[in-house]
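Residues per chain, in single letters:
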Amino acid sequence: MTSSEVRPDGQKSTLATWRTRIIAAVVVIAVVVVAYFILAAFIPRWWAQRIAELVNGSFSKGIGWGLVYGLLCTALPLFLMLFAAMIWKRRAGKFIAGAAALLAVILAIPNLMTLSIVLGNNNAAHAGQRILDVDAPAFRGASLVGAIAAAVIFLASVSLIYGRRWRRKHPGKQSVPPEPSPPAAAPQTPTVTQDT
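Residues numbered from 1 in each chain as written. Predicted model: local features only at pLDDT ≥ 70, side-chain atom pairs only at ≥ 80, totals over all residues. Heavy atoms only, no water.

> Give a description of helix α3 (residues 93-107) that names residues and reports values.
The end-to-end C-alpha distance of α3, which contains 15 residues, comes to 21 Å, matching closely the 21 Å that a straight helix rising 1.5 Å per residue would cover. Looking at α3, one finds that the buried residues are G93, A97, A100 and A104. The buried residues of α3 occupy an angular sector of 60° when the element is viewed end-on, so they sit on one face. The exposed residues of α3 that point more than 90 degrees off its buried face are K94, F95 and L102. (Helix = DSSP H or I, 4+ residues; strand = E, 2+ residues; numbered from the N terminus. Expected span 1.5 Å × (residues − 1). Buried < 20%, exposed > 50% of the residue type's maximum accessible area, 1.4 Å probe, protein only. Arc of directions from axis to C-beta.)

Written out as structure tokens, the structure is:
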């Protein structure tokens, strides 16, 4: 570091700080890109082989395991993210919410790997599709059905939770008992006086 990069008070100049940040960002981006290409060539084929070993060519096992993975690996991450959103503003909530979000991402990895096979267009994804077609029939479709069912369950739960909160904060006219109406006055008959 040259003397022009150090201010009189001994701190680094803004230019030097930003230069260091930019270099660090470029290195991180390069590592992420390299890791992506390595994992994109490896993960779809590897995951398809693991599922094929689990299902072993059986339609019923393919449907069963697909529903289990689709349902659990969608519902659990969604509910963990809801929990993280609900606890965010509480004391120590940011730490717990961050841990819940990290756990949600980890639990969603099986569905993300299946999605990389279904939506991928590289050679590894095509190889994974062929492996699943032969050795794990009905897994992809059942996984999709399980994910949709989990999303429906999640949306129903959210509507119940937030609907109850809203009714608690905004009590409507339904909770107030109706006031009894006053009894109707009896019609008055004119009094007749006799003159003598």
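> Mind laying out the packing of aromatic side chains, listing which residues take part and the relevant values?
Per the stated rule, a full pass over the model turns up seven aromatic pairs. Each ring, one from Y36 and one from F37, has its centre 5.3 Å from the other, and the planes form 70°; the classification is edge-to-face. What makes F37 exposed here is its relative accessible area of 55%. Ring centres of W47 and Y69 lie 5.7 Å apart, and the angle between their planes is 85°; this geometry places the pair in the edge-to-face category. A residue pair is termed long-range when its members are at least 10 positions apart, and W47 in helix α1 (residues 14-55) and Y69 in helix α2 (residues 59-87) qualify at 22 residues. In this structure W47 comes out as buried when scored by relative accessible area, which is 8%. A connected cluster of aromatic rings, assembled from ring pairs, spans F42, W46, W47, W65, Y69 and F139. The ring of W18 carries the charged tip of R21 above its face, separated from the ring centre by 4.9 Å. (Phe/Tyr/Trp six-rings, centres within 6.5 Å; stacked < 30°, edge-to-face > 60°. Lys NZ or Arg CZ within 6 Å of the ring centre and 35° of its normal.)

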